[in-house]
Amino acid sequence: MKIDRLIGILSVLLQEEKTTAPELAERFEVSKRTINRDIDVLCTAGIPIQTTQGIGGGISIMEGYRMDRTLLTSKDMQMILAGLRSLDSVSGSRYYGRLMEKIQAGSAEFVSGRDSILIDLSSWYRESLAPKIEVIQNAIESRHILKFTYYNQNGESTREVEPYYIVFKWSSWYVWAWCKKRKDFRLFKLNRMDKVMMSDSKFVCRNAPTPDLSTEKVFPGGIKVKALFEADVKWRLIEEFGPECYTEVEDGRLLFSADYTDMDNLVTWILTFGDKAELLEPKEARVRIANTIEAMRKKYERSL
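Residues numbered from 1 in each chain as written. Predicted model: local features only at pLDDT ≥ 70, side-chain atom pairs only at ≥ 80, totals over all residues. Heavy atoms only, no water.

## Some words on the packing of helix H9 (residues 263–271) against helix H10 (residues 283–302)
It is the contact of H9 with H10, at a shortest axis distance of 10 Å, that shows an interaxial angle of 55°. When the axis of H9 is compared with that of H10, the two are oblique. H10 is crossed by H9, and the crossing has right-handed handedness. Residues Met263, Asp264, Leu266, Val267, Ile270 and Leu271 of H9 touch H10, and the partners they reach there are Glu284, Ala285, Arg288, Ile289, Thr292 and Ile293. (Axes fitted to C-alpha atoms, helices over the stretch in contact; angles between N-to-C directions. Helix = DSSP H or I, 4+ residues; strand = E, 2+ residues; numbered from the N terminus. Parallel < 35°, antiparallel > 145°, perpendicular 65-115°, else oblique. Left-handed = near helix turned anticlockwise from the far one by under 90°. Contact = heavy atoms within 4.5 Å.)

## Details of the packing of aromatic side chains
All told, the structure shown has 17 aromatic pairs when counted by the stated rule. Taken together, a centroid distance of 5.5 Å and an interplanar angle of 50° make the contact between Phe256 and Trp269 tilted. You can see Phe256 sitting in strand E10 (residues 254–260) and its partner Trp269 sitting in helix H9, a full 13 residues away along the chain. Feature note: the residues Phe229, Phe241, Phe256, Tyr260, Trp269 and Phe273 constitute an aromatic cluster, connected by ring pairs. A cation sits over an aromatic face here: Arg236 above Phe273, 3.8 Å from the ring centre. (Phe/Tyr/Trp six-rings, centres within 6.5 Å; stacked < 30°, edge-to-face > 60°. Lys NZ or Arg CZ within 6 Å of the ring centre and 35° of its normal.)

## Points about the sheet that holds strand E3 (residues 144–152)
What the five strands build is an open sheet, ordered E6-E5-E4-E3-E7; its pairing is antiparallel. In this open sheet, the two strands that pair with only one neighbour each are strand E6 (184–189) and strand E7 (193–202). Neighbour-to-neighbour, the strand axes of the sheet open up by a mean angle of 45°, direction not taken into account. By the bridge criterion, seven bridges tie E3 to strand E4 (residues 155–169) in an arrangement that is antiparallel. Bridged to Leu146 within E4 is Val161. (Pairing = 2+ DSSP bridges.)

## Observations regarding the pairing of E3
Strand direction decides the pairing type here: E3 and E7, joined by five bridges, are antiparallel. Looking at E7, one finds that Leu146 is bridged to Met198. What sits between the antiparallel neighbours E3 and E4 is a turn of two residues.

## Some words on the sheet that holds strand E9 (residues 246–248)
Hydrogen bonds between backbone groups are what pair the strands of a sheet, and the pairing can be parallel or antiparallel. Read from one edge to the other, the open sheet built from four strands follows the order E9-E10-E8-E11, with strand pairing classed as antiparallel. Looking along the sheet, the strands with just one partner apiece sit at the ends: E9 and strand E11 (277–281). For this sheet, the mean inter-axis angle between neighbouring strands, taken without regard to orientation, is 25°. In this structure, strand E8 (residues 223–229) lies alongside E11, joined through four bridges in antiparallel fashion. Bridge assignment links Lys226 to a residue of E11, and that residue is Glu281.

## Digging into the nonpolar core
In a soluble, globular protein the nonpolar side chains are often hidden away together inside. If you look at the biggest cluster of nonpolar residues, it comprises 22 residues, and the most contacted ones within it are Phe229, Leu237, Phe256, Leu266, Trp269 and Ile270. Those elements that place two or more of their residues in this core are E8, E10, H9, E11 and H10. In terms of residues, this core owes the most to one element, H9, which gives five residues. Excluding residues within four positions of it along the chain, Trp269 makes contact with Phe229, Arg236, Leu237, Glu240, Phe241, Phe256 and Tyr260. Residues Ile136, Ala139, Phe148 and Cys179 belong to the second largest nonpolar core, which totals 19 residues. (Core = buried A, V, L, I, M, F, W, Y, C linked by side-chain atoms within 4.5 Å. Buried < 20%, exposed > 50% of the residue type's maximum accessible area, 1.4 Å probe, protein only.)

Rendered as structure tokens:
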């Protein structure tokens, strides 16, 4: 990807006195013309790069502006490596690992010490996730319409979207895109997308806003929840809502209070605790849980 290559080129220039466009083209597996365009982009961004022609010529950072390599400490580089490895965990390839190998080539002192952070973003769905991410990345870079079948609580539908960002948030992957059906920007969860393909149709890039991923924006709350939980499920409350979400009552149970966004999700969540939870409020959800339990009881009694 272009931004990764730009970072790589800058890193090479910081490590070496001088290099050439053919050398960079071979290292990053692109054409010389692409390297020249990348150098122009770096110059436009304010990096003082100079090129000289003829024997002994090449590409270098202007004398007097050379940055000390220690600007990036070993700890800094370990953080960069951890981030790149985390992307490899869902890319289906070793693209980012190979990128860092190229950056480190011939500079053993550039990265030292042992790895201290390991990040795996692939979740349980790695086999299906990596191909989707690859298709979406290609569609974003080439500005092609993305087609897929989407599943949610309202059923399934076929969507055509203009993709702009791949997002990892709330332990899941999403694509931020302009939905042609809804005429607005939407977040689509990758695990709910099927038959993802890049169409032949291209789109003109909109002035796409960066998605507002604040919890208050995406999950605005509004449903006041109170529930009692047995003490032995405290770990789940802490994991999902933090240690401030409950108070202990006289009989040892935990009184839970929080705002919830979706009634269906609330009912489903409470039911996952079995008899370890009793929902107190809202009454509407309490009634729905009681009806669900009664329907389940009848269904299981028929099979006995």
